[in-house]
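# Observations on the three-dimensional arrangement
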Amino acid sequence: AVILSGSAPRHTLSRGAFCRAVTPGDQARVIPRRSFLSGHRMISQKTLRVLEFDKVLQLVQEQASFSAGKEAAISLQPVTEPRAVRARLDQTSEARKLLEAKPATHLGGAHDVRPAIRRAEVGAILSPAELMEIGSTLGAAHRIRAAVLSDDIEVPWLRRQADRMVEDRDLVAQLEQTFSERGDVLDSASPALRRIRSDISNAQARLVDRLNSFIHSTEHRTALQEPIVTMRNGRYVVPVRQDAKSRVQGIVHDQSASGQTVFVEPLFVTEMNNRLKELELAEQREVERILYELSSRVASGSGPLRDTVSGLGEVDLAFAKARYASVLRASPPVLHDRGSLSLVSARHPLLHGEVVPVSVPLGEDFRILVITGPNTGGKTVALKTVGLLVLMAQAGLHIPAAAESQIPIFSSVFADIGDEQSIEQSLSTFSSHMRTIIDTLPNVDAQSLVLLDELGAGTDPMEGAALAEAIVQHLLDTGARAVVTTHYSELKSFALEREGVENASVEFDVETLSPTYRLIVGLPGRSQALAIARRLGMPQAILATARQQLSTGAVRVEKLLAQIQTERRQIGELFERAREIHEDARKLRDRVQNEVASIREERDRILTQAREDGAQAVRDLRARLRQVESQAGSSVSRREQRELRARIDEVQGEAAEILGAPAPASPDEPQSSLERLQPGASVIVTSIGQQGTVLSVASGEAEVQVGLFKMRVPTDDLQVLSRREREREQPVQFQSTREAPPTEIDVRGWRADDAMRELDQYLHDNYLHGQQTVRIVHGKGTGALRKAIRDQLGVHPLVKSIRPEKPELGGDGVTVVSLGG
C-alpha cells in the first residue's frame with residue numbers, strides 16, 4: 001500500500017515493488033524489490049501464509065490483556081536483522097522471567113486510550129467512561145512499574161519500558177474523587193456540584209410535599225386516577241381523570257395510551273418545577289465544566305500518556321509471548337551466525353495431543369535435506385515445523401524445542417507447500433508450483449532458507465525428477481539451506497552422490513498404516529505404496545503384477561531399505577535399553593555415594609565424640625597430676641620424689657593410652673606436638689603402629705623414614721615422641737625373623753569377613769617386608785567377594801592403588817594392589 005498525504009504525487013506500483021510509509025509533508029518513494037532486497041529483507045506474506053504463521057499470532061493474541069497488546073501481537077512479523085532478533089527474544093525471556101518470579105503481575109485495567117487522548121487534544125469533552133479508562137490505565141502502569149522497578153529481578157528492557165510510563169497520581173486521585181465505580185459523577189467532584197445537588201434535593205422534597213398534600217386532600221381525591229406523584233418531561237405531575245381535568249387547574253404534559261388519564265402539572269407548583277429545572281441545568285453545566293477540566297488535563301499531558309499506552313502495549317506483547325511460551329513449554333533458541341540449523345526435539349506448535357518431536361540438523365555437514373517416504377507420512381509436518389519455528393524465533397518467540405536447539409538468522413525464508421492449483425489463472429498444480437519456484441530462485445542466496453514440498457510432482461515422473469535434481473543443484477550452488485520433500489527415487493540417489501545433500505525419511509508403520517512421525521536423518525524413505533495397497537485389501541494377483549513391473553534394481557533397493565530400517569529400529573531399541581541401564585547405574589552410583597557420605601559423617605561424628613571424651617579424660621588426669629605434684633616439696637625425701645615422679649609418668653601414660661596420642665609434654669618439654677613435628681623428630685605412625693623419623697613437613701603431610709623405606713603420611717597420623725619416650729622405645733627392626741610372605745594370596749570361596757581379616761595381616765606383613773605389589777585372587781563368581789575386597793582396599797591405610805589384573809593373567813578375577821599408603 002502507498003500512504004499519500006498533502007500534495008504528494010500518485011505512483012503506479014509495478015508488480016513486486018515495495019513502498020515505505022511516509023509522514024505528512026514527505027514525498028512517497030517507491031523502492032524496487034531488487035534494491036529493497038539488497039538491503040533490509042523481509043519475509044514474504046505468502047511464506048507466512050503457507051507456514052500458518054498467522055495462526056500462531058492468533059494464539060499469542062489470546063494471551064494479551066488489552067487492545068494495544070492484541071493489536072501488536074496480531075501484527076507481529078519476523079525480522080531479519082540480527083540485533084533486532086536477539087532483542088525481541090530477550091524481551092520474551094525477560095517477561096517470562098518476571099512472570100515466573102511474580103506470577104500475580106498483570107495488566108488488568110489497561111485500555112488503549114489513545115483515541116480518547118486525540119479527542120482531548122482537539123478540545124473535545126471526554127465522557128466519564130473515557131476518563132475512567134484513562135485512570136484505570138494509569139493504575140495498571142503503576143502496578144507494572146512497581147513490579148518491574150523493584151531491585152529483586154534484573155530485567156533491563158522491561159525497566160526501560162516502565163521508565164516510559166507516567167504516574168500522574170494527582171490525576172488518578174482526582175478521577176477517583178470524581179467518579180463512582182459505575183461512572184456517575186460524585187458530589188465530591190467539586191464544592192459547587194455538592195451545593196447544587198443539595199439545593200436540588202431540598203427543592204424536590206418541598207415540591208413533592210406540596211403535591212402529596214394536594215393528592216390526599218378530600219377536595220381533589222375524586223378527580224385523580226390514582227393518588228400518586230409522577231414525572232413527565234422532567235416535571236412533577238399528578239394523574240387526573242379525563243372527565244375531571246377541568247377540576248384541576250394546570251398544564252397538561254401527557255396522557256395515557258387509553259386516553260382516560262391526563263398528567264397535569266398543577267399551577268401552584270409550576271414555579272417550583274421551574275426552579276428545580278434551573279437547578280438541574282446548573283448541575284449539568286457544572287458536570288460539563290468538571291469533565292472539560294479533566295479533559296484539558298488529559299490533553300496537556302497527552303505525550304506522556306501516549307507513551308504510557310505504548311509502553312503498556314509493548315509490555316503486554318512481551319507478556320503474551322511469555323505466556324504462550326509457557327503454554328508450549330518452549331525454550332529460547334541459541335542464535336548464531338554460522339548458518340547451520342539444529343532443531344532438537346522440535347514440535348509443531350499448532351498440533352494437539354501427543355506430538356512426536358523431530359530433530360533436524362541442517363547446515364553443519366550438509367546444507368540440503370531431502371525427505372522421502374509415503375504420503376501422509378509426516379514429511380510435510382516436518383517441513384512446516386522447520387519453517388514455522390524459524391519464523392517464530394525471528395519474530396522473538398520462544399520455540400517448542402529443546403533448549404540446545406540452534407537457529408541462524410536467515411535474511412529470507414521461502415516456502416512452497418500444499419496444493420497451489422489456480423482456477424482463475426488456469427494454472428495446474430505443477431504450473432503453480434513452478435511459477436512460485438521461478439519467482440523465488442533469483443532471490444535465493446547463502447542466507448536463505450528454502451522449503452519445497454513434493455518438488456517436481458504433478459508432471460511426467462522422468463521429467464519431474466530431472467527438473468527436481470536441477471533445482472536442488474541450483475540451491476546447492478547458491479549456498480542456501482533447504483529442506484525438500486519428494487517421492488522420486490532419483491533424488492534419493494542424488495542425495496547419496498552429492499556432497500552437501502543428505503537423505504532423510506519419516507518412519508511409517510505398515511501394520512497400522514500410520515506414520516510414527518519420527519524423522520530419520522541419513523536414511524531415504526520407502527514409498528510403501530504396495531505395502532499400503534496390500535493392507536487395504538488389494539488382490540494379490542494385481543500386487544504380483546505390480547512387483548513384476550518394478551525393475552530389478554528398484555526391488556533390490558527397496559529390500560535393502562527395508563532391511564536397513566529394521567536394523568536401525570533394532571539398534572534404536574538396544575540404544576534405549578542401554579540408556580535405561582546407564583540411568584539405573586547412575587542412580588545406583590548416586591545412592592552408594594550418598595551412603596558412603598553418610599557413613600563418613602557418622603564416622604567423623606564418632607571420632608569427634610571420642611576426641612572430646614579423651615580430652616575430658618586428659619583434663620581429669622592432669623588435675624590428678626597437679627594434685628600429685630603439689631604434694632612434692634622441700635620436706636619430701638629423694639625417695640618420695642622418685643615415687644611421685646614415677647606416678648606422674650604413670651598418669652601421663654594413661655592419658656596417652658586413652659587418647660591414642662602422644663603423652664602430654666612433661667614440664668621440661670613444653671612444646672605442643674605440632675610445634676615439635678619438624679625434620680629429625682621421632683614419631684609413631686599410628687595407622688601402622690611403627691616408629692620413624694621425620695624427613696620433611698609440608699601442607700599437612702610429612703615424609704617419614706620408617707625402617708628401610710620412606711612414606712608420606714598426614715601429620716594427624718603422627719605422634720611425636722618425647723625424649724623419655726624415645727629412650728623407652730626400641731628401634732624399629734623391619735628385618736623380620738619370619739620368612740617373607742608370598743606376593744599372591746588366593747581367597748576364592750572364602751567368606752568376606754574371613755578374607756578381610758586374613759588380608760589385613762597379609763598386607764601388613766608384605767608392607768613390613770618392603771613389598772611394592774601383591775596379587776589377591778578372589779575369582780569372578782557373583783562379584784560379591786570382589787566388591788567387598790575392593791571396597792575395603794579402597795580405604796586401607798597401607799594401600800596406594802588397586803586395579804584389575806590383565807585379561808590374560810586373570811582379568812577381573814584378580815586384584816593387583818600397590819602398597820605404600
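Turning our eyes to something else, we now look at the overall build of the protein. Of regular secondary structure, the protein possesses 24 helices and 25 strands. Considering only contacts in the protein between residues 6 or more positions apart, those separated by 24 or more positions represent 65%. Carbon and sulfur atoms make up 51% of the accessible area of the protein, which amounts to about 44,700 Å² in all.

This part takes up the environment of Gln473. By the element assignment, Gln473 lies in helix H16 (residues 461-478). Through-space distance from the C-alpha of Gln473 to that of Val501 is 9.3 Å; in sequence the pair is 28 residues apart. Among all residues touching Gln473, those that are not within four sequence positions of it are Phe494 and Arg498.

With that out of the way, let us pick up the nonpolar core. In this structure, Leu343 and Met392 are the most contacted members of the largest nonpolar core, which totals 56 residues. Looking at which element gives the most residues to this core, the answer is helix H14 (residues 379-394), with 9 residues. Those residues in contact with Leu343 that sit more than four places away from it in its chain are Val358, Ser359, Val360, Val386, Leu389, Ile399, Ser405 and Ile407. The next biggest cluster of nonpolar side chains, apart from the first, holds 30 residues, and it includes Leu677, Leu759, Leu785 and Val817.

A word on the pairing of strand S10 (residues 368-372). Taken across its 5 residues, S10 has 5 buried, putting it largely inside the fold. Where burial is concerned, the two faces of S10 agree: the one with Ile368, Val370 and Thr372 and the one with Leu369 and Ile371 are both buried. As paired strands, S10 and strand S14 (residues 481-486) are joined by 5 bridges and run parallel to one another. Considered in S14, the bridge of Ile371 is made with Thr485.

Here the distance between the centres and the angle between the planes together describe a pair of aromatic rings. Scanning all chains against the criterion turns up 1 aromatic pair. Where Phe214 meets Phe268, the ring centres are 5.4 Å apart and the plane angle is 50 degrees; that geometry is what we call tilted. In this pair, Phe214 sits in helix H10 (residues 191-215) while Phe268 sits in the loop between strand S6 (261-266) and helix H12 (270-300), placing the two residues 54 residues apart along the sequence.

On to the side chain of Ser405, then. Residue position: Ser405 is located in the loop between H14 and strand S11 (406-408). One polar contact links the side chain of Ser405 to the main-chain amide nitrogen of Val344, over a distance of 3.0 Å. Other than its neighbours up to four places away in sequence, Ser405 contacts Pro333, Val334, Ser342, Leu343, Val344 and Ile399.

Let us now look at the pairing of strand S19 (residues 701-706). A one-sided burial pattern is seen for S19, the buried positions being Ala702, Val704 and Val706 and the unburied ones Glu701, Glu703 and Gln705. A loop of 2 residues connects strand S18 (residues 690-698) with S19, the two strands running antiparallel in sequence, and Ser699 in this loop sits at a positive phi of about 50 degrees.

Attention now moves to unusual backbone geometry. Although it is not a glycine, Ser345 adopts a positive phi angle of roughly 50 degrees. Considering the arrangement of structural elements, one finds Ser345 in strand S8 (residues 341-346). One non-glycine residue, Glu454, adopts positive backbone phi at about 55 degrees. With respect to the helices and strands, the residue Glu454 is situated in the loop between strand S13 (448-452) and H16.

Here 4 strands make up an open sheet; going across it, the order is S3-S4-S6-S5 and the pairing antiparallel. The open sheet terminates on both sides in strands that have one partner only, identified here as strand S3 (230-232) and strand S5 (250-255). Strand-to-strand twist of the sheet, defined as the mean angle between neighbouring strand axes without regard to direction, takes the value 50 degrees. Across the face of the sheet, H10 comes into contact with strand S4 (235-241) and S6 while running at roughly 10 degrees to S4.

With 12 residues, helix H15 (residues 429-440) should reach 16 Å at 1.5 Å per residue; the first-to-last C-alpha distance of 17 Å fits that figure. Considered for burial, the residues of H15 that qualify are Phe430, Ser432, His433, Met434, Thr436, Ile437 and Thr440. The secondary structure elements touched by the buried residues of H15 are helix H2 (45-50), strand S12 (412-416), S13 and H16.

On to the pattern of salt bridges. If you walk through the whole model with that rule in mind, you get 36 salt bridges. Of the charged contacts in the structure, one is a salt bridge between Glu52 and Lys384, with a shortest N-O distance of 3.5 Å. Highlighted residues: Glu52 in the loop between H2 and helix H3 (53-62) and Lys384 in helix H14, separated in sequence by 332 residues. One exposure class covers both Glu52 and Lys384, and it is buried. Salt-bridge contacts for Asp112 lead to Arg114; the nearest nitrogen and oxygen are separated by 2.8 Å. Taken together, the shared-partner salt bridges connect Glu583, Arg586, Arg589 and Asp590 into one network.

With that out of the way, let us pick up the packing of H3 against helix H13 (residues 302-328). For the pair H3 and H13, the least separation of the axes is 8 Å and the interaxial angle reads 105 degrees. As summarised for this structure, H3 and H13 are arranged roughly perpendicular, according to the angle between their axes. Along the contact surface, H3 presents Val56, Leu59 and Val60, while H13 presents Ala320, Lys321 and Tyr324. In terms of residue class, the contact of H3 with H13 is built from 5 nonpolar, no polar and 1 charged.

Another aspect to go through is the confidence of the model for the protein. The predicted model of the protein averages 80 in pLDDT, with 78% of residues at 70 or higher. Averaged pLDDT values for the elements of the protein fall to 35 in helix H1 (residues 33-38) and rise to 96 in H3. Contacts for the low-pLDDT stretch residues 421-426, under 50 throughout, to residues beyond four places or in other chains number 5 contacts. Below a pLDDT of 50 lies the segment residues 730-737, which in the model reaches 9 contacts outside its immediate sequence neighbourhood of four places, other chains included.

Moving on to the sheet that holds strand S25 (residues 814-819). A sheet is described by the order of its strands in space; here 4 strands give the open sequence S22-S23-S25-S24, paired in mixed fashion. At either end of the open sheet lies a strand with only one pairing partner, and these are strand S22 (744-746) and strand S24 (799-804). Neighbour-to-neighbour, the strand axes of this sheet turn through a mean angle of 20 degrees, independent of strand direction. Of the pairings in the sheet, the one linking strand S23 (residues 773-777) to S25 comprises 5 bridges and is antiparallel in character. Opposite Thr773, over in S25, you have Ser818 as the bridge partner. Across the sheet, helix H23 (residues 752-768) lies against S22, S23, S24 and S25, angled at about 160 degrees from S23, the strand it touches most.

What follows covers the side chain of Ser256. Among the structural elements, Ser256 can be located in the loop between S5 and S6. Within the local environment of Ser256, its side chain forms a polar contact with the side chain of Ser258, the two groups lying 3.2 Å apart. Excluding anything up to four places from it in sequence, Ser256 contacts Thr261 and Phe263.

Conventions we followed
- Residues numbered from 1 in each chain as written.
- Predicted model: local features only at pLDDT ≥ 70, side-chain atom pairs only at ≥ 80, totals over all residues.
- Heavy atoms only, no water.
- Helix = DSSP H or I, 4+ residues; strand = E, 2+ residues; numbered from the N terminus.
- Contact = heavy atoms within 4.5 Å.
- Areas by Shrake-Rupley, 256 points an atom, 1.4 Å probe, with all protein chains shown as cover.
- Core = buried A, V, L, I, M, F, W, Y, C linked by side-chain atoms within 4.5 Å.
- Buried < 20%, exposed > 50% of the residue type's maximum accessible area, 1.4 Å probe, protein only.
- Pairing = 2+ DSSP bridges.
- Phe/Tyr/Trp six-rings, centres within 6.5 Å; stacked < 30°, edge-to-face > 60°.
- Polar contact = N/O pair within 3.5 Å; in protein donor to acceptor, adjacent residues only side chain to side chain.
- Axes fitted to C-alpha atoms, helices over the stretch in contact; angles between N-to-C directions.
- Expected span 1.5 Å × (residues − 1).
- Salt bridge = Lys/Arg side-chain N within 4 Å of Asp/Glu carboxyl O.
- Parallel < 35°, antiparallel > 145°, perpendicular 65-115°, else oblique.
- Nonpolar A, V, L, I, M, F, W, Y, C, P; charged D, E, K, R; others polar.
- pLDDT = per-residue confidence, 0-100.

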